[in-house]
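This is what each chain is made of:
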Amino acid sequence: LEEAGVLVDIEPYWSTNFGETDAYSSRKPPFFRPATSYFNWVSRWSGFMIMQSKNNVKSRWQGLFYACRTAMRSVAGIAITEFLLPFLVLDAICFGGSIDERVVLQELQDALTFSAERHDALHLESGESPGQGMSGDERQKAVNTAFSIIDTLQYWAENETESRHSNARSSSKQSNNTLNRSRSVSNDASSEFWASDESITKIEDFVKSVPLALRANAAASVGMHARSLRLLEMDARSHLVGSLFDNTGDQGSRGKSEQDDQRQQSIAYHILHGIDTGLMKQVLGRLGDCETMKAVAQDSSRVGHTSNIIDSIKEKEAYGDWSGAMQDYEMALQLSGDRQRAAILERGMLKCLLELGQFESVINQANGIVHREHTDHNLHKNNSGFSLAFVSNENAIPSAIEAAWRLGRWSTLEDLLENNDNPNDGQCQLDVESRYQVCVGQAMVGLRRKSRLMVADAVTEARQALMTAISSSVQESYSRSYPHLLRLHCLREIEDASDCLCPHNQGSVLFSSIADAASSREPGGLSWDDRLDRVSSSGSAAIINVRLALAKLGKDSNLEGSLYLTVGKRARKSGLIHIAEKSLAQAEAAFLTLRNSTLGMEKLIKLDDSLTSIRVQMAKVKHMIGESSSALRIIGEDSIHDLVGKDTENLRSYVSGVELKKYQMDGNVAQTDVADIVSRFARILFQSTQWMVEGGLKGGSEVMNRFRVVQKLSPQLEKGYFYFAKYADSLLENRITALASHTSQLGIDDDTRRASVFLQDASCQSYLLLSMKQYGDALNLNQKHVYQALPRLLTLWFDFTSIPTDELNSPDINTGNGGPNCHNLLYNNQGHANELMIKLIRSIPSHSFYTSLAQLISRVGHRDRDTVQVVVAILKRVLVKFPSQAMWPLAWLRNSSNKERSSTGEEIFLGAIKSLQKSKNQEMHNLLVASKSLCKYLIDLAKYNPKDANARSFSVRPWKGEVELSAFIPPVQAALSILPAMLGKRKTYDATQTLVPRMRSFSPAVTVMASKARPKKVKVYVIPARQFRSRLPSSSTNNSSSRAQSGDIGEIHFLLKQEAKGDLRKDARVQDLNNVINRLMVTASSPSRRTATQQRRLQLRTFAVTCLSEDCGILEWVPDTQSLRSLVGASYNPQAAPFSTRRRGKRMSGFGDVHLRKNYERCQEVFKKTGDFVRAGSMFKESCLKPNPPLLYWWFVQKFMDPHAWYEARTRFTSSAAAWSAVGHVIGLGDRHSENILVDTKSGDCVHVDFDCIFDKGLTLPAPEVVPFRLTPNMLDAFGPTGADGIYSGSMKNAMSVLRENRETLLNVLEPFLKDPVIDWKRSRSHSQTNSKSANAQQVTSAKRSMELIDGRLKGIYNIRNPNIKKFRRKDEGATIQDDEMTHLMPLSVDGQVHKMISEATSHENLVQLYIGWMPWV
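Quick summary incoming for the structure in this document. (Residues numbered from 1 in each chain as written. Predicted model: local features only at pLDDT ≥ 70, side-chain atom pairs only at ≥ 80, totals over all residues. Heavy atoms only, no water.)

Some remarks on the pairing of strand β4 (residues 1016–1023)
- Within β4, 6 of the 8 residues are buried, which leaves the element mostly enclosed by the surrounding structure.
- Direction of pairing for strand β2 (residues 998–1002) relative to β4: antiparallel, over a ladder of 4 bridges. Of the residues in β4, the one forming a bridge with Arg998 is Ile1023.
- Pairing geometry for β4 and strand β5 (residues 1050–1058), over 7 bridges, is antiparallel. Each bridged residue has a counterpart across the sheet, and for Val1022 the counterpart in β5 is Gly1050. (Buried < 20%, exposed > 50% of the residue type's maximum accessible area, 1.4 Å probe, protein only. Helix = DSSP H or I, 4+ residues; strand = E, 2+ residues; numbered from the N terminus. Pairing = 2+ DSSP bridges.)

What to know about empty space enclosed by the protein
- Under the criterion given, the structure shown has 12 cavities of 30 Å³ or more.
- Space inside the largest cavity adds up to approximately 110 Å³.
- In this structure, the largest cavity is lined by 13 residues; those nearest its centre are Gly1228, Leu1229, Asp1256, Glu1265 and Val1267.
- Here the lining of the largest cavity is composed, by residue class, of 5 nonpolar, 5 polar and 3 charged. (1 Å grid on protein atoms, 1.4 Å probe; cavity = no way out; pocket = protein on both sides within 12 Å on 5 of 7 lines; lining within 4 Å. Points joined across faces, edges and corners; volume = space filled by probe spheres on them. Nonpolar A, V, L, I, M, F, W, Y, C, P; charged D, E, K, R; others polar.)

Considerations on the pairing of strand β7 (residues 1112–1116)
- Along β7, 5 of the 5 residues are buried, which leaves the element largely enclosed by surrounding structure.
- Note: β5 against β7, 5 bridges, orientation antiparallel. Residue pairing in the sheet places Leu1055 in a bridge with Leu1115 of β7.
- Bridge analysis of strand β6 (residues 1105–1107) against β7 gives 3 bridges, and the strand direction is antiparallel. Paired with Thr1106 across the strands is Ile1114, a residue of β7.
- Joining the antiparallel neighbours β6 and β7 is a turn of 4 residues.

Some remarks on unusual backbone geometry
- Residue Pro30 follows Pro29 across a cis peptide bond; omega there is 5 degrees.
- If you trace the backbone, Pro30 turns up in the loop between α1 (7–10) and α2 (38–54).
- The phi dihedral of Lys555 falls on the positive side, at around 55 degrees, and the residue is not glycine.
- Relative to the elements of secondary structure, Lys555 occurs in the loop between α26 (540–553) and α27 (557–573).
- Positive phi, normally seen in glycine, also occurs at Asp1120, with a value near 60 degrees.

Here's what the structure looks like:
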């Protein structure tokens, strides 16, 4: 006690005369029903159980409980009470009598049932209309405590059952000994009463006595939507566990029905039967999961017509389709005969009208509702004693209040507020949203009356209501509380505006108008732009609506028009056409009011600029809905005949003169205003030109002249160069295709035809040089389109300069402009192309070239030596600018087994070293010098094989070099990537992640992995970047310890791998492609698609793959991941019998079950010998799938105990698996066995590894991989109650839409990958050692075929051809070869393509054909 420093505090109690009184002894159950607060309930209940435990000689912890009784009497000890309560319940269940158990059960059921009944009766959220007894927050705490107790009991029982099974302890005595050793026992004499088998059974029976359906309803009543969903799903699964997981359940009653839809292999097909699907749909709607909600509604067989309308309403509201939701509300009102239900529907209808901006309709509808209900005031009474008119008034008036202040109808607003304060409605308790609407209305009236006190009171009341709502909603998720946070932003804007609109005195006014205050960043300014930058695009609408009202109060038409214009732009980008059109019309009306006033030239020009912006936005709206001609008429499609041929100065002067005539003023105009006028004209001209090209309205020289005029008028408009380059590129490709088709010579491949066209046609060469120049000019300005422009620029350059000028045996193609000197012309133009690239080296930022390093490195062996010299110069420049980062991807070039490549690599490094030395950058100079020995160290380690072939680890000496290891940036994705924020900027010093942790030292212990290639796992100790900077002056000798140190901030792991047959450069290039796709997912072109992909976080989890040589590389270790197979092996179904062979997944995930293997082989023998694929699939289902029901669902439940974490993890797993499925199908990714798919055990993300089998190489394996991706029963099971329907299919549709919309970009990125001369994409290294012309020709043909297949998939064609159909001569009644061929020719819609892919991936006929090691039953 002296050492702990508490002796002084404890010693007085040894001799005190004070004593404890057992105040709990007289209190009897029930405790929850009469309780007035949460503390009152848990305190009295805990005290009662303590006394019961004290009087029970069997109790194990009675001494501990009794000693803590005093702490539980006060509110300060609530934490102790909540901690001990699960132990008290466990003690009562295991050692108490039946009375004790009944008391516990009754208390839990009272707490849960009370909340559930309240939820069903009022249809309100937690915290609203508290009534008698506990408040809403107190009830939520009670329900949460009940769940905590049940979860704890369930966890103990399940964990003990699995622990006993894994340790093969079946006897009760062995289990008792273990429990006695692991638990702190306060009463040794009671150990004889502890029987763990009986106790586990008691716990399980007790938990089952609290129905899952009751728990689900209780969770929904207090806003725990994720928990409610999980409980509903578990309830549904409990109904099926007997037929699916009993060893004798192979011939279940639902066997025939399951054959109706092979896509629903998992438990999920019948999981929705027998549960409250209405509650499930409601919960899914609150979680924003419209896809699953729709799938549940379609699957449910007990849903009436009205309920289907409600489902449609929820789905449309979640997607922002307010017009469609409005129509559904009207239909539901017509079908509804219940006035209370009708009142709720009317409120929803008013909300839709508000979202649609139909404010007059809201006021009219609300007045009609109020008038109707007051007429029936004395005719209808509900059970609570107040009229239904009160319920409808509560729904209608707040919506009308919001509509009034958004319209600026201030007198109407005051009347509505006066009616809302009617004393006859004193029984009304508004929900949070309605209270907020009313308070904002009161604040607006206060601003109009210039009453700061009225504004402050209204804001305070609204803020208190929102904070109460946030305190409960934030416990569920941040997304659920986000709307309340946005309302707090709105309140702050109103509060700040009161300083400007309601000044204390005239001298205290800091700004002349609210517009000046809004744009000011000075103290007292509102800084409106800053707030919008900090909220989501969808959430900004609420803030802008408040600002519009403030602008109306301030009578600032210019600000009002600007805000309406902003609303119109955002609505257009979100695809809300009706709102966009209305907002733009209101903006135009607001600005036109200013034209009647006297304005100076500067303000007049700004006003015209605003009106022009409105005109452009209206034209874009028309273009979005397919009315291109109307868009061009609005924006203006004037002829540019008078503009062509003028030099830049005369052109700008002519345009400015024509535009200034609109203002009818001859005064002097500032040059900045003239520049703005010319730039605005150029932007409009560019937009109209784009639409002409897209619609095919004009072409050829007319379009090219329009682009040239745009560039002269606005030389800094990057889009003018990029889209001109694309247009010239399209002209080039169309001309090549047309001319190549004229030749009739047989035996000539497409590449030779293309080269011949270039040789004989000067126009093609001219178009190519023009495209290159325009792409380069675009990249000079900024890097917005760097991932589209630079790969295409390099491809055009490399392909053009690779055409031989003296050896080409070209077919005779009549181009009409070739001439006898075509070889000289080609040679000269190739020189022009190289000269252009030399100029671009100096003008394009180095970080742009860094994004295309792999493509540049692949062409260091180009046939044209001048081109090689330019490539080497680019690589040197990049290495000088980014030595720490670029040294890693360039490493394999220097260590190549090919002497020419190795020599080139050495030249690049030596050139960079000299440049760094010349610039006196000694730090980076030494780094590059030391990089050679570091790479050699890593290569030697990758190739090292321990003498003991079975060794799982070995020790190595630390690396020593010219610099410390901490000087090197670790080869991880975060460190080697360009920051997205740098795109569009020219500065390069901060283009990469310079603050990533640094490597301090390698651990001497190296782990040998168990896979076939036996890669080595290396651990590296990490220090902060700032610590590395402080170590720079230290000695060059590496004296860092190879052990963990106090300054380390963690560890990084890498995998060093030597490929005997594969090629890690494939993995590296695929990761580059995945990074491009991730950027496309984020910047999806379609507004609705962008919202959906971002909401579902569609992305591919990538990692760095750094090649050190052709066969060695270092891979970034993805932390906290396990393979799909290992997760299935660790899964178990707690609802199944403890000793059922189907309860656990270890048997199905291993190869130890000989019976399972033989069954699968027998299934394969059927189609191999008889050609009957249908029968083989049926056998596979009966003998392999039914005896091994899926279990992966339960891994997520057991891993993520918190319900919200569980829902988030499962959603991320489902959506990421869908994204990988879409991308994998497009690029032909194969070898997707259960070890090549990983799951992040912290986030749930799906991670794919090993990309050697790509571009449909899987179809060439001995056992062809005939499925488009892996979608086995366990994956379907993990997706949730609807399997592949719901989030998975919805996310895949979004992903496929993004890929198809960006088809051209993806093909441009993929083409250089496939044309990479140093990688054989189709064959393994062991078969690609020859450099013969036939092998090169075969690779070119293979690359072309792969591009055609990928192009077809991006057009919606399912073109996977099953080689087994011909090989084994299919003889069943399945699809014929002719049918398959038609399938491979017919493009499908996105929905049709996704349905086809899922159908093929889950087909039993396809799964049974796969290699046994693929484990299709897992």
